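This is what each chain is made of:
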Amino acid sequence: MPLNVKPVMKLKITLTGSKPPIWRRLLVPPSTTLGDLHRIIQVSMGWYGMHLHLFQTADGTVYGDPQEDMDDMMGFRDESSIPVESVLVREKQKLRYEYDFGDGWEHEILLESVGTVAPDVPLPLCIKAMRQCPPEDVGGLGGFENFLEIMANPAHPDHEAVKEWQGGEVFDPDYVNVDAINDLIARRDELFDGDPADTEGFFGLTPQQVDQLMTDHLNCTDVFQPGAKESAVEAA
């Protein structure tokens, strides 16, 4: 390989089942680990890392973060030691990525091509994006469709309540800002590795604790100690 270029994989990340399709086209170094690809997908799609995730190859092998599978129920292989080039070895090969097992956001990762770029091209890099990602916890694709219908109709009886849930902001499903995505990609380590106590949205909890709190709030053994007094929880 010439010294004045560096290798790159062009990936297309598509939110499975989204119509019209929601997708991102990314350039990543072949040595990018699946753990880092998880972070890249999160910030490029517009997710917030609040739920569990996994990667799965066509042969059924599952990769993930061991910290999200402390009891080894999922049988994850550690994503932090697996380079993308070892699971996507030929063009047009696909990899499955799932985020939030409750809403069930499945993504198709397609290896479009392998090539080179000039040494001054920053990697990883989002080069194209289509449509905005659904809000977290909207209820999967069906919930997202319902959300869009309500948000598009100010006369709908639930419009104001859903708009308030959304943060009082207008939601434009076609809006996407590639420059903003690349800024987040560049800052992904800062966003994921910062002190959890200082991370807005996590309130000092790990992603596993947040996921348990949101999916089974009456049985949050990872969040509250068993037998904790109600007064103690209220005081906290």
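The rules behind these values
Residues numbered from 1 in each chain as written. Predicted model: local features only at pLDDT ≥ 70, side-chain atom pairs only at ≥ 80, totals over all residues. Heavy atoms only, no water. Helix = DSSP H or I, 4+ residues; strand = E, 2+ residues; numbered from the N terminus. Contact = heavy atoms within 4.5 Å. Pairing = 2+ DSSP bridges. Buried < 20%, exposed > 50% of the residue type's maximum accessible area, 1.4 Å probe, protein only. Arc of directions from axis to C-beta. Polar contact = N/O pair within 3.5 Å; in protein donor to acceptor, adjacent residues only side chain to side chain. Phe/Tyr/Trp six-rings, centres within 6.5 Å; stacked < 30°, edge-to-face > 60°. Lys NZ or Arg CZ within 6 Å of the ring centre and 35° of its normal.

Counting through the fold element by element, Ile-150 comes out in helix H3 (residues 140-151). In this structure the C-alpha to C-alpha distance between Ile-150 and Glu-160, which are ten residues apart in sequence, comes to 9.1 Å. With residues up to four places along the chain from it excluded, the contact list for Ile-150 reads His-156, Asp-158, His-159 and Val-162.

Across the sheet, eight strands lie side by side as S5-S4-S3-S6-S7-S1-S2-S8; this open sheet has mixed pairing. Every interior strand has two partners, whereas the edge strands, strand S5 (77-78) and strand S8 (125-130), have only one. By the bridge criterion, two bridges tie strand S3 (residues 53-56) to strand S4 (residues 62-64) in an arrangement that is antiparallel. Within the sheet, the bridge partner assigned to Phe-55 lies in S4 and is Tyr-63.

Attention shifts here to helix H5 (residues 178-186). Taken as a whole, H5 has its buried residues at Ile-181, Asn-182 and Ile-185. Angular distribution of buried residues about the axis of H5 spans 95 degrees; they occupy a single face of the element. Away from its buried face by more than 90 degrees, H5 exposes Asp-179 and Ala-186. For H5, the N-terminal capping position is held by Asn-177, with its side-chain oxygen 3.0 Å away from the main-chain nitrogen of Asp-179.

If you walk through the whole model with that rule in mind, you get seven aromatic pairs. With a centroid separation of 6.1 Å and an interplanar angle of 85 degrees, the aromatic rings of Phe-144 and Phe-171 are classed as edge-to-face. Placement of the pair is Phe-144 in helix H3 and Phe-171 in the loop between helix H4 (159-165) and H5, with a sequence separation of 27 residues. A relative accessible area of 5% places Phe-144 in the buried class. Taking 6.0 Å as the distance between ring centres and 70 degrees as the angle between the ring planes, the aromatic pair formed by Phe-147 and Trp-165 counts as edge-to-face. Of this pair, Phe-147 sits in helix H3 while Trp-165 sits in helix H4, placing them 18 residues apart in sequence. Looking at Phe-147, the relative accessible area reads 4%, which means it is buried. Exposure remark for Trp-165: the relative accessible area of 46% places this residue in the partly exposed category. In this structure an aromatic cluster arises from ring pairing among Phe-144, Phe-147, Trp-165 and Phe-171. Positioned above the aromatic ring of Trp-23 is the side chain of Lys-12, whose terminal nitrogen or guanidinium carbon lies 4.5 Å from the ring centre.

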